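# Coordinate analysis (summary)
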Amino acid sequence: MPPQHPSAPSPGRLAVLRGPRPPQEYTARKITALTANPACSRRAVLDAAGVDKALLAQRLGHEPRFGQSPFAIRREQSFEALVKWGGYAELIRLLREQLDVPVEEAAVADLTEVGGDASLAVRAGESRRLLNRLAAGADERLILDRPVLTLEVAGQTAHVIPQALSHRTGGQFYVVEIRSFPAIDGQANPLAVAQTTKQAAVSVLALRQTFTELGLDPKAIAHRFLLICPKDFSNRPYGKLIDLRQELDALRFQLSRLRRAEDLAHALSPDATLDTERPKAEIDATMRELDASFTPDCLSFCEMSRYCRDEATDCASPARLGGVVRNSLPGIDSTRTALRHLDGTSAPGPAEEAVIIRLRAAERLRRLRGGATA
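Figured I'd write up the structure that's included with this text. (Residues numbered from 1 in each chain as written. Predicted model: local features only at pLDDT ≥ 70, side-chain atom pairs only at ≥ 80, totals over all residues. Heavy atoms only, no water.)

What follows is about the packing of helix α2 (residues 28–36) against helix α7 (residues 190–213). Between α2 and α7, the least distance of the axes is 9 Å, while the angle of their chain directions is 105°. Taken together, the axes of α2 and α7 lie roughly perpendicular to each other. Residues Ala 28, Arg 29, Ile 31 and Thr 32 of α2 lie in contact with α7, whose contacting residues are Gln 195, Lys 198, Gln 199 and Val 202. Of the residues contributing to the contact of α2 with α7, the split by class is three nonpolar, three polar and two charged. (Axes fitted to C-alpha atoms, helices over the stretch in contact; angles between N-to-C directions. Helix = DSSP H or I, 4+ residues; strand = E, 2+ residues; numbered from the N terminus. Parallel < 35°, antiparallel > 145°, perpendicular 65-115°, else oblique. Contact = heavy atoms within 4.5 Å. Nonpolar A, V, L, I, M, F, W, Y, C, P; charged D, E, K, R; others polar.)

Next comes the structure, spelled out in structure tokens:
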């Protein structure tokens, strides 16, 4: 249950925490990372406040060691430009092939800016206007390039920007994701596809929320998305429709478990700060006020993971060894405590006794196995 407070959170509390730097926007990638670890209050507040986590990690002495290389980013941008080159000819070809769209051409609304204004609010407003027109009116062959959608995440409004949205086809709209990893003989890297599928699910959920807010039927959004990537070892775009229903169900459940970031921020001390220009000790103190839920998986998607890992190591948190170990030691928050109970230097409490009995049994089995193989 979220914490209850006698008064409403102070307006702009998250902005005060962030300091004068402009906020970083939510992205589908951030939302999927947050929902992968919904118990992590630290990440919820950092993302909701728009804190630059990579910069914050550097400030605290923990350089992030993951993310796309500049080469990979350039390759993805180059491939996306190829798909959209010539009036989006390749995208239209793939829509025709995969969705049986009976047209050779389609108009495109580029929503990366509106009349020279690239602000998210203006782009979101124009996206909603076009969606309302396309969904409510007669069939119109208009592809939306980078529409801006909104989604409620941890009590905050996140802006989600899919790479493209198809015109209405067979009564439905399709999200399009363009990636530069190849499909060899029709099969792409399963991990890369899984990650892209989760991000597409975020876009579909945001699109359905927008339709609902506009009074339109959210069922008009297809539960499949079109993945476009290079075919084999060429740059020839290849498309495949991928079902999202399982990811959509999981995403809805995970979003429902997130605690409100404003409530979490309101519970911090009055002088708390996440401003990267403030002294390191002040930032570190604030970070330690926010509960983290470190698991080894965090190392693959969170900029603050090495900071949290060191913290978990210092306090001997079972989570440091992974979810299996953490779940096997309910009620015991430190492996040092567990070892003291096993050594007999301390007595387990009633809530810990069952766990210690299982650990002793596991230790006997390990010794028996070691003796059998010696």
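What follows is about the pattern of salt bridges. Across all of its chains, the model carries 21 salt bridges by this definition. The shortest N-O distance in the salt bridge between Glu 363 and Arg 367 comes to 3.1 Å. A residue pair is termed a helical-turn pair when its members lie 3 or 4 positions apart in one helix, as Glu 363 and Arg 367 do in helix α14 (residues 350–373) at four residues. For Glu 363, a relative accessible area of 27% gives the class partly exposed. The class for Arg 367 is exposed, based on a relative accessible area of 55%. Among the charged side chains, a network of salt bridges with common partners joins Arg 42, Asp 284, Arg 288 and Glu 311. (Salt bridge = Lys/Arg side-chain N within 4 Å of Asp/Glu carboxyl O. Buried < 20%, exposed > 50% of the residue type's maximum accessible area, 1.4 Å probe, protein only.)

This paragraph deals with the environment of Ala 220. With respect to the helices, strands and loops of the structure, Ala 220 is situated in the loop between α7 and β9 (224–230). As for Ala 220 and Gly 50, which are separated by 170 residues in sequence, their C-alpha atoms are 32 Å apart. In this structure, Ala 220 is in contact with Gly 171, Gln 172, Phe 173 and Phe 211, ignoring residues within four places of it in sequence.

These values are about where atoms sit, not about what they do.
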